[in-house]
Amino acid sequence: MGRLTAKLLQSAYKISTGRNEYNDVQYTTSSTAMPCRYRGISLTQQAGNSEQTTLDGQLWFDADAVVAKGDVFLLESQYLRIERVIPAKPRLRSNAVAFIKTEVSKQRQIS
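Report follows, based on the coordinates.

What counts and what doesn't
- Residues numbered from 1 in each chain as written.
- Predicted model: local features only at pLDDT ≥ 70, side-chain atom pairs only at ≥ 80, totals over all residues.
- Heavy atoms only, no water.
- Helix = DSSP H or I, 4+ residues; strand = E, 2+ residues; numbered from the N terminus.
- Buried < 20%, exposed > 50% of the residue type's maximum accessible area, 1.4 Å probe, protein only.
- Contact = heavy atoms within 4.5 Å.
- Pairing = 2+ DSSP bridges.
- Polar contact = N/O pair within 3.5 Å; in protein donor to acceptor, adjacent residues only side chain to side chain.

**Points about the overall build of the chain**
Counting its secondary structure elements, the chain contains zero helices and six strands. Along its sequence from the N terminus, the chain presents helices and strands in the succession β-β-β-β-β-β. A total of 111 residues make up the chain; the buried ones form 31% of that total. Summarising the internal contacts of the chain: among those between residues at least 6 apart in sequence, 52% fall at separations of at least 24.

This is the structure:
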């Protein structure tokens, strides 16, 4: 249980991907909800070599959540793909993860 547990009032469902007979990507929603908090923002980040990433929001999870870059979540009929995972640690007291902050971009399922 992390510091943000009481503030995580929304629910996100982890998505698994597969392919149909036409080789289109199909999303399958998990039945287990993960508590989270979403904040919609519009941010453009520029990395080296003129690579540009547009972020659509931030998604916070509890410290024990299992998330990775590239995971897709369903939140209130919107698909969100994790672009970056940032574990928050209070380094002055301990090195344990207090919560997980992720940067996300919106995704669509086309079929």
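On we go.
**Topic: the pairing of strand β6 (residues 99–107)**
Looking at chain direction, strand β3 (residues 52–62) and β6 are connected through six bridges and run antiparallel. Each bridged residue has a counterpart across the sheet, and for Asp-62 the counterpart in β6 is Phe-99. Strand direction decides the pairing type here: strand β5 (residues 78–88) and β6, joined by nine bridges, are antiparallel. Counterpart to Tyr-79 in the pairing with β6 is Gln-107.

**Details of the side chain of Ser-105**
Following the sequence through the fold, Ser-105 ends up in strand β6. A residue is classified by how much of its surface remains accessible, and Ser-105, at 8% relative accessible area, is buried. Within the structure, the side chain of Ser-105 is placed 2.7 Å from the side chain of Glu-83, a separation counted as a polar contact. One polar contact links Ser-105 to Gln-107, side chain to side chain, over a distance of 3.4 Å. Not counting residues up to four positions away in its chain, the partners in contact with Ser-105 are Thr-54, Asp-56, Tyr-79, Leu-80, Arg-81 and Glu-83.

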